[in-house]
Number of protein chains: 2
Amino acid sequence: MVGHPAGLPDDPRANVTAPTPACPVEITLAALHGRWTTLVVRELLRGDRSYSELRLALPMLSDKVLSDRLAQLGEAGVVERDRRPGWPPRVRYALTPSGHRLGPVLQALWDWGAEASTRDTGAESSCATSPLR
Amino acid sequence: MVGHPAGLPDDPRANVTAPTPACPVEITLAALHGRWTTLVVRELLRGDRSYSELRLALPMLSDKVLSDRLAQLGEAGVVERDRRPGWPPRVRYALTPSGHRLGPVLQALWDWGAEASTRDTGAESSCATSPLR
DNA sequence: CTGAATCCCTGCCGATACTG
DNA sequence: CAGTATCGGCAGGGATTCAG
C-alpha cells in the first residue's frame, strides 16, 4: 500500500508477536549488537587487520570489549580468525563472505541516519561508521 | 578493492575512531535501539494504530516499554502522535515520512539475517519483523 | 483509554591487572 | 603480540501500581 521499492514478496514468516532470536531482523541486530561493533566491522570492511591494528584504529576501545566483539562477530559468522604459527603470535582478522554482505546493511543504516539528521539540523554530521571507502 | 556493489561515494565523514551519536549509523541504531522497537515499527508500517491496538498486536509488550518505545520513536522523528479531542481519549500513532523510510532499512536487516540463517541451518526461520506485507 | 511512576533485577561496558 | 580475569557503575526493561 505504502509502496516501498524493495520487495520482500509475500513472506509467510511475518506474523509473530514477540522478538524471537530466530527472526532474521533479530539475527542481524544481534550480530551488530553493542557499542563499537559497527566500527569494528567497518574497519574490517577496509581489509583484514591484526588485533593491534584494530586497537590502533580504535584507540578508545578497551581490550575486553574488543575481544568480546571479535568473539561475538565470530559467533555470528561475520569474522574469521586466522592464526599463524610461529613467534611472536600473528593473528589476522578478516570478514567472511557473510561479513562482507554487511556492507549494504551498514549502507542502509548510514543512509537513513544521514537523511534523518540533515532534515533535523540541516548540517553535515562528522562521524564514523560509513561502510565503504 | 573488496568491491561492494553499493556506492557511498568517497565520503568525507568516515574517519572517526569512536562511536559518536552524530554518526548516521549510530543515529539509525539509536532510533531502532532496544527490544521490541523493530516490531513496533513493523506494526506501524502496516498502518496507523491506537495504543490499545499496539498492545493487542504485541501482547507480551509491557505498558512501560511500549510508551518508552513510542517516546523514543517520537524523539527520533519516526512516529507521530495524533491526539483527538473528546472522551474517551483517542490517540493514533503513525509513521512519519522518515519512519516509512525505515522500510528499506528493516528489509536490509531482514535480508542479511535470512541469508545468514539459511546458510547456517538450511531451514526457514519463522519469525516476526519482516517490513512489508 | 492512554499512558506515567516506581521498584528491582539483570546484563553491558569500561578500567585495571594479569597470562601464553 | 594477543588476549583473559575480575570488579563496579549504570542503563535497559519487566511487573505492578497510579493518574488524566
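Residues numbered from 1 in each chain as written. Chains lettered and ligands numbered in written order. Predicted model: local features only at pLDDT ≥ 70, side-chain atom pairs only at ≥ 80, totals over all residues. Heavy atoms only, no water.

As recorded in an unreviewed UniProt entry, chain A goes by Helix-turn-helix transcriptional regulator and comes from Streptomyces montanus.

### So, the pattern of salt bridges
Residues and elements named next belong to chain A. Our working rule: A pair is scored as a salt bridge if a Lys or Arg side-chain nitrogen falls within 4 Å of a carboxyl oxygen belonging to Asp or Glu. For each residue, the accessible area found with a 1.4 Å probe, counting protein chains only, is set against the maximum for its type, and the residue is called buried under 20%, exposed over 50%, and partly exposed in between.
In total, this model carries 14 salt bridges over all chains according to the counting rule given. E43 is the partner of R46 in a salt bridge, and the nearest nitrogen-oxygen pair spans 3.6 Å. With a relative accessible area of 10%, E43 lands in the buried category. Overlapping salt bridges bring together E43, R46 and R49 as one network.

### Looking at the layout of surface pockets
Going by this rule: Put plainly, a pocket is an open set of points on a 1 Å grid over the protein atoms alone with protein on both sides within 12 Å along at least five of seven lines, a cavity is a set where a 1.4 Å probe fits but cannot get out, and a lining residue has an atom within 4 Å of a point. Grid points are joined across faces, edges and corners, and a volume is the space filled by probe spheres set on the points. Segments assigned H or I by DSSP are reported as helices when at least four residues long, segments assigned E as strands when at least two residues long, and all are numbered from the N terminus. Classes in brief: Ala, Val, Leu, Ile, Met, Phe, Trp, Tyr, Cys and Pro nonpolar; Asp, Glu, Lys and Arg charged; the others, Gly included, polar.
The space that makes up the largest pocket amounts to roughly 700 Å³. If you trace the largest pocket, you find 26 residues lining it, with H33 and G34 of chain A together with L29, H33 and G34 of chain B closest to the centre. Where the lining of the largest pocket is concerned, the elements lending two or more residues are α1 (24–31) of chain A together with α1 (24–31) of chain B. Of the residues belonging to the lining of the largest pocket, the class tally is 14 nonpolar, 8 polar and 4 charged.

### Comments concerning the protein's contact with DNA strand C
Test applied: We call a residue near a given molecule or strand whenever any one of its heavy atoms falls within 4 Å of it.
Near DNA strand C lie 18 residues; those nearest to it are R35 and R69 of chain A together with S52, R81 and Y93 of chain B. Counting residues per element, the ones that place at least two in the surface near DNA strand C are α4 (63–75) of chain A together with α3 (51–57), α4 (63–75) and β3 (90–95) of chain B. Here the surface near DNA strand C is composed, by residue class, of 7 nonpolar, 4 polar and 7 charged.

### So, the confidence of the model for chain A
Here is the rule: Each residue carries a pLDDT value, the predictor's own confidence for that position, ranging from 0 to 100. Note on contacts: a residue pair is in contact if any heavy atoms of the two residues lie within 4.5 Å.
Chain-level statistics for chain A give a pLDDT mean of 85 and a share of 80% at 70 or above. pLDDT under 50 marks residues 1–10 of chain A. Its contacts with residues more than four places away, or in other chains, come to 16 contacts.

### Let's talk about the pairing of strand β2 (residues 79–84) of chain A
Residue and element names in this part refer to chain A. Rule in force here: When DSSP finds at least two bridges between two strands, those strands are taken to pair.
Relative to strand β3 (residues 90–95), β2 is paired through 6 bridges, and the arrangement is antiparallel. Note that in β3 the partner of E80 across the bridge is A94. Between the end of β2 and the start of β3, which pair antiparallel, lie 5 residues, with G86 showing a positive phi angle near 110°.

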